[in-house]
Amino acid sequence: MGIGTSIFLIAVGAILTFALDANLGGVNLDVVGWILMAAGVLGLVMTTLVWGRRREVVTTTEPVEYRRVEERRDVSPPL
């Protein structure tokens, strides 16, 4: 689940929980909204953990060797 999907689930869950006041044949929309918000938050946390592990820092123990770069100058005049 990506970040966009997680945010979408949180938004839909919040709309069902806080904005609507309706009942559908024994289905409580408040509970459905809370479940969707929980799934969105869980998906957001899991996505953050998975993407956070991919960013690893690579370090080397060898010293860096610096090389001197010399300029080449053309001594002949342009034609």
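Per an unreviewed UniProt entry, the recorded name for the protein chain is DUF6458 family protein, and the organism is Micromonospora rubida.

A. The arrangement of helix α1 (residues 3–19) in detail. A rise of 1.5 Å per residue sets the reference length of α1, with its 17 residues, at 24 Å; its end C-alpha atoms lie 23 Å apart and thus fit the reference within 8%. Along α1, the positions that sit buried rather than exposed are Ser6, Leu9, Gly13, Leu16 and Thr17. Down the axis of α1, the buried side of the element spans an arc of 95 degrees, and every buried residue falls inside it. Exposed residues on α1 whose side chains face more than 90 degrees from its buried face are Gly4, Phe8, Phe18 and Ala19.

B. Seen up close, the environment of threonine 17. Checked against the element boundaries, threonine 17 lands in helix α1. Residue classification places threonine 17 among the buried residues on the basis of a relative accessible area of 9%. For the pair threonine 17 and asparagine 28, spaced 11 residues apart in sequence, the C-alpha separation works out to 9.4 Å. When near neighbours in sequence (up to four residues on either side) are disregarded, threonine 17 contacts Asp30, Gly33, Trp34 and Met37. A polar contact is formed between the side chain of threonine 17 and the backbone oxygen of glycine 13, at a distance of 2.8 Å. For threonine 17, the side chain forms a polar contact with the main-chain nitrogen of tryptophan 34, separated by 3.3 Å.

C. Layout of the side chain of threonine 47. With respect to the element layout, threonine 47 can be found in helix α2 (residues 29–53). The buried category is assigned to threonine 47, whose relative accessible area is 6%.

D. Structural view of a nonpolar patch on the surface. A cluster of nonpolar residues, Val41, Leu42, Val45, Met46 and Leu49, forms a patch on the protein surface that exposes about 450 Å² of accessible area. For methionine 46, a relative accessible area of 45% puts it in the partly exposed group.

E. Inspection of the packing of aromatic side chains at higher detail. Under the counting rule described, the total for this entry stands at 1 aromatic pair. Relative to tryptophan 34, the ring of phenylalanine 18 has its centre 5.7 Å away and its plane inclined at 80 degrees; by these criteria the two rings are edge-to-face. Separated by 16 residues along the polypeptide, phenylalanine 18 in helix α1 and tryptophan 34 in helix α2 bring together distant segments of the chain.

F. The arrangement of the UniProt feature "transmembrane region" (unreviewed entry) in the protein chain in detail. Those residues carrying the UniProt feature "transmembrane region" (unreviewed entry) are residues 31–51 in this numbering. Secondary structure over residues 31–51 splits into 100% helix and 0% strand, and the C-alpha atoms at its two ends are 30 Å apart.

Here is what the cut-offs are and how they apply
Residues numbered from 1 in each chain as written. Predicted model: local features only at pLDDT ≥ 70, side-chain atom pairs only at ≥ 80, totals over all residues. Heavy atoms only, no water. Helix = DSSP H or I, 4+ residues; strand = E, 2+ residues; numbered from the N terminus. Expected span 1.5 Å × (residues − 1). Buried < 20%, exposed > 50% of the residue type's maximum accessible area, 1.4 Å probe, protein only. Arc of directions from axis to C-beta. Contact = heavy atoms within 4.5 Å. Polar contact = N/O pair within 3.5 Å; in protein donor to acceptor, adjacent residues only side chain to side chain. Patch = residues over 30% accessible without salt bridge, like charges linked within 9 Å, V, L, I, M, F, W, Y side chains within 5 Å. Areas by Shrake-Rupley, 256 points an atom, 1.4 Å probe, with all protein chains shown as cover. Salt bridge = Lys/Arg side-chain N within 4 Å of Asp/Glu carboxyl O. Phe/Tyr/Trp six-rings, centres within 6.5 Å; stacked < 30°, edge-to-face > 60°. UniProt positions renumbered as here; feature names shortened; annotations may be inferred.

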